[in-house]
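# Coordinate analysis (summary)
Okay, here's what each chain looks like letter by letter:
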Amino acid sequence: MQNVSDNRDLYSGMIRLHILHHAEHDAIFGAGMAEELARHGYKISPGTLYPILHGLEKRGYLKSEEERSGRSVRRLYKITASGRRALKTSKLRVRELFGELIEGK
Ligand SMILES: [Zn+2]
């Protein structure tokens, strides 16, 4: 598996969109999202992922809250209305890029 840091600059937008995509369907948390990204071939360390999540929250795309279960606490992230709008616009751009990059249009 390729380490994200190898091409971090190129992948960073895709990772952010991927996070928003999953947050649109369900609340996400850091460790679960790292697993999901690994499944797609992005090996990403907590030290890289958490600043991305914080950044998405700072820009208003995600909103987080702490969830306690027993002694453990985890931070859950949910998409905001602004995050949904941004994702929708981004999807159009991804489709456009996909057309050129993959389908040669
Ligand atoms: Zn996924």
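The text that follows walks through the structure, step by step, so that each part is easy to find.

Reading guide: rules and limits
- Every chain is numbered independently, its residues counted from 1 as its sequence is written.
- At least 70 in pLDDT is required for a residue's local features to be given in this predicted model, at least 80 for side-chain atom pairs to be given and counted, and no such filter applies to totals for whole chains, interfaces and linings, which use all residues.
- Note that the side-chain values use all heavy atoms of the structure and ignore hydrogens as well as water.
- Think of it this way: any DSSP run of H or I at least four residues long counts as a helix, any run of E at least two long counts as a strand, and we number them from the N terminus.
- Partly exposed describes any residue whose relative accessible area lies between the buried limit of under 20% and the exposed limit of over 50%, with all areas from a 1.4 Å probe on protein chains only and scaled to the type maximum.
- Residue contacts are defined here by distance: any two heavy atoms, one from each residue, within 4.5 Å place the two residues in contact.
- Working definition of accessibility: Shrake-Rupley area with a 1.4 Å probe, residue cover restricted to the visible protein chains.
- Charge counting follows a simple rule: Lys and Arg are positive, Asp and Glu are negative, and His as well as the terminal groups are ignored.
- Charged groups are reduced to one reference atom each: NZ for lysine, CZ for arginine, CG for aspartic acid, CD for glutamic acid.

## As for the overall build of the protein
- Helix and strand counts for the protein stand at four helices and three strands.
- Starting at the N terminus and walking to the C terminus, you meet the elements of the protein as α-β-α-α-β-β-α.
- Taking all 105 residues of the protein together, the buried fraction comes to 29%.
- Partitioning the intrachain contacts of the protein with sequence separation of at least 6 by distance along the chain shows that 46% fall at a separation of at least 24.
- Approximately 7,400 Å² of the protein is accessible, and the part contributed by carbon and sulfur atoms is 51%.
- Positive and negative side-chain charges in the protein, numbering 19 and 13 respectively, have mean positions lying 5 Å apart.

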